[in-house]
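# Examining the three-dimensional arrangement
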Amino acid sequence: MAEIRIQNIVASAKFSEKLDLDLIAQSLDKVEYEPEQFPGAVYRLSDPKTATLLFKSGRANCTGAKTIEDVHKTIDIIADLLKNLGISVNKDKDIVIQNIVATADLEGELNLNEVAVGLGLENVEYEPEQFPGLVYRLDDPKVALLLFSSGKMVCAGARNFEDISRAVEEIVNQLTSRGLLQK
């Protein structure tokens, strides 16, 4: 099976019923907050290398994590920072993985015109004059696969690693059984 690499995990969390973004921006050095530009405050960590978007609603989005552990570590660090500012933080932060983006190398070249026809045009978007990759949507697991003629692939929309593994296995099986993957 192709080696899968996680590139980005996006997760949401609920820190509190509301957050005072002005207080947070004034109190923490690394916060970027320009409400005229964007309604959230951005806090970037270097370890793990992530960015957390904090909103007045108390909700937050964590991006850039490469592992689920990094998501939890980031949320814990942010929660501690908020507590140190005197903000009441929920015990259960309701962390939900929203999207995992991964890459894989299918270790063979693809003729994307043949792949588009072979996989069935109803699930394929391929406009080479607009974008050099083919987008193939799977229903189970519900993900989008971006396939490139080099055999490189991006998987987006997964919520767990098992879905990514299943999607890669599924596309390799479909391409191989139709003679579309040239190794």
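Details of the structure are given in the entry above.
A short tour of the structure in this document, coming up. (Residues numbered from 1 in each chain as written. Predicted model: local features only at pLDDT ≥ 70, side-chain atom pairs only at ≥ 80, totals over all residues. Heavy atoms only, no water.)

With respect to the helices and strands, the residue Ala158 is situated in strand β11 (residues 152–158). As for Ala158 and Lys183, which are separated by 25 residues in sequence, their C-alpha atoms are 27 Å apart. Those residues in contact with Ala158, other than ones at most four positions away along the chain, are Gln98, Asn99, Ile100, Val143, Asp163 and Ile164. (Helix = DSSP H or I, 4+ residues; strand = E, 2+ residues; numbered from the N terminus. Contact = heavy atoms within 4.5 Å.)

Okay, the pattern of salt bridges next. Overall, the coordinates contain seven salt bridges when judged by the stated rule. Asp47 is the salt-bridge partner of Lys73, the closest N and O atoms lying 3.8 Å from each other. Taken together, the residues Lys73 in helix α2 (residues 68–84) and Asp47 in the loop between β3 (41–46) and β4 (49–54) connect sequence positions 26 residues apart. Between Glu125 and Arg137 there is a salt bridge, with its nearest N and O atoms 3.1 Å apart. (Salt bridge = Lys/Arg side-chain N within 4 Å of Asp/Glu carboxyl O.)

Glancing now at unusual backbone geometry. Following Asp47, the chain continues into Pro48 via a peptide bond in cis, with omega recorded as 0 degrees. The topology assignment puts Pro48 in the loop between β3 and β4. With omega at 0 degrees, the peptide bond leading from Asp140 into Pro141 counts as cis. Although it is not a glycine, Asp94 sits at a positive phi angle of roughly 50 degrees. Within the fold, Asp94 resides in the loop between α2 and β6 (96–105). Accessibility expressed as a relative area gives 40% for Asp94, which makes it partly exposed. In the Ramachandran plot, Glu107 falls in the positive-phi region, its phi being about 60 degrees despite a non-glycine side chain. Within the secondary structure, Glu107 sits in the loop between β6 and β7 (109–110). (Buried < 20%, exposed > 50% of the residue type's maximum accessible area, 1.4 Å probe, protein only.)

Time to look at the side chain of Gln174. Its location among the elements puts Gln174 in helix α4 (residues 161–177). Exposure remark for Gln174: the relative accessible area of 11% places this residue in the buried category. One polar contact links Gln174 to Tyr136, side chain to side chain, over a distance of 2.8 Å. Among the polar contacts listed, one links the side chain of Gln174 to the side chain of Glu170, at a separation of 2.5 Å. When near neighbours in sequence (up to four residues on either side) are disregarded, Gln174 contacts Leu119, Tyr136 and Leu138. (Polar contact = N/O pair within 3.5 Å; in protein donor to acceptor, adjacent residues only side chain to side chain.)

Taking 1.5 Å of rise per residue, the 17 residues of α4 would be expected to cover 24 Å, and the 24 Å separating its terminal C-alpha atoms lies within 8% of that figure. Sitting at the head of α4, Asn160 places a side-chain oxygen 3.2 Å from the backbone nitrogen of Glu162. Taken from the residues just after α4, Gly179 is the one with a positive phi, measuring 70 degrees. (Expected span 1.5 Å × (residues − 1).)

What follows deals with the packing of aromatic side chains. All told, the structure shown has two aromatic pairs when counted by the stated rule. On the basis of an interplanar angle of 65 degrees and a centroid distance of 5.8 Å, the ring pair of Phe131 and Phe148 is categorised as edge-to-face. Residue Phe131 is located in the loop between β8 (124–125) and β9 (134–138), and its partner Phe148 is located in the loop between β10 (143–147) and β11; the two are separated by 17 residues in the primary sequence. Given the relative accessible area of 33%, Phe131 is considered partly exposed. (Phe/Tyr/Trp six-rings, centres within 6.5 Å; stacked < 30°, edge-to-face > 60°.)

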